[in-house]
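The chain contents come next:
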Amino acid sequence: MKIYLAGPIRGLTYEQACEWREDVEHNLASLGHTCSSPMRGKEILKTRGKITNSYEEFPISSEAGIYGRDIFDVSNCDVLLANFLGAKDASLGTAMEVQAAHDRGKYVLVVMEEGNVHDHPFIRRAASLVVRDIDTALDVLAVLGGPYGE
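Note that the structure is a prediction, hence the values are computed from the model and not measured.

## Some details on the sheet that holds strand E1 (residues 2-6)
The strand order E2-E1-E3-E4-E5 describes an open sheet built from five strands, whose pairing is parallel. The sheet terminates laterally at strand E2 (34-36) and strand E5 (129-131), the two strands that pair on one side only. Going from strand to strand, the sheet's axes swing by 25° on average, the running direction of each strand aside. With three bridges connecting them, E1 and E2 associate as parallel partners. Each bridged residue has a counterpart across the sheet, and for Ile-3 the counterpart in E2 is Cys-35. With respect to the sheet, helix H1 (residues 14-29) is in contact with E1, E2 and strand E3 (79-83), its orientation differing from that of E1 by roughly 165°.

Structure (structure tokens):
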């Protein structure tokens, strides 16, 4: 399966935005899955400190670049994994990706703790399943993409 790794970016450093994605991608690769990350091709942001909304001087990090590629990736994935764990502020981009995936009939796996700023009826209803931690999400993905009859 192809899995899109959605989650808050704005307000994080490049390293913070990539850390969980790299860990999950490594775990999913061992199951034969591939991942798409909204952080790919954005290494220039390593020098920018905390990431803001967009960087018009870098086409892939411009408003059009972010929206266009992320929606393209959502359209071409089998599963959207939205990791909201520890979010302090609402991520409108991730919420839009959740809805876009739902609208396209994708499996939407949301990870968030109870009381998270994203713990909202719209997110819960657009999700196929909500779990409380990444390990549980990985277990779900192992079953979801696994062979039948096992």
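## Digging into the pairing of strand E4 (residues 107-111)
Summarising burial for E4: four of the five residues are buried, a large majority. This β-α-β element, E3 to helix H3 (residues 92-103) to E4, shows right-handed connectivity. By the bridge criterion, three bridges tie E4 to E5 in an arrangement that is parallel. Counted as the bridge partner of Val-111 is Val-131 from E5.

## Details of the side chain of Arg-69
With respect to the element layout, Arg-69 can be found in helix H2 (residues 63-75). It is Asp-70 that comes nearest to the buried, bridge-free Arg-69 among opposite-charge side chains, at 4.1 Å. Among residues more than four places away in sequence, those in contact with Arg-69 are Ser-37, Pro-38, Met-39, Arg-40, Lys-42, Ile-60 and Ala-64.

Cut-off values and rules
Residues numbered from 1 in each chain as written. Predicted model: local features only at pLDDT ≥ 70, side-chain atom pairs only at ≥ 80, totals over all residues. Heavy atoms only, no water. Pairing = 2+ DSSP bridges. Helix = DSSP H or I, 4+ residues; strand = E, 2+ residues; numbered from the N terminus. Axes fitted to C-alpha atoms, helices over the stretch in contact; angles between N-to-C directions. Contact = heavy atoms within 4.5 Å. Buried < 20%, exposed > 50% of the residue type's maximum accessible area, 1.4 Å probe, protein only. Right-handed = clockwise from strand over helix to strand, strands pointing away. Lys, Arg positive; Asp, Glu negative; His and termini not counted. Salt bridge = Lys/Arg side-chain N within 4 Å of Asp/Glu carboxyl O.

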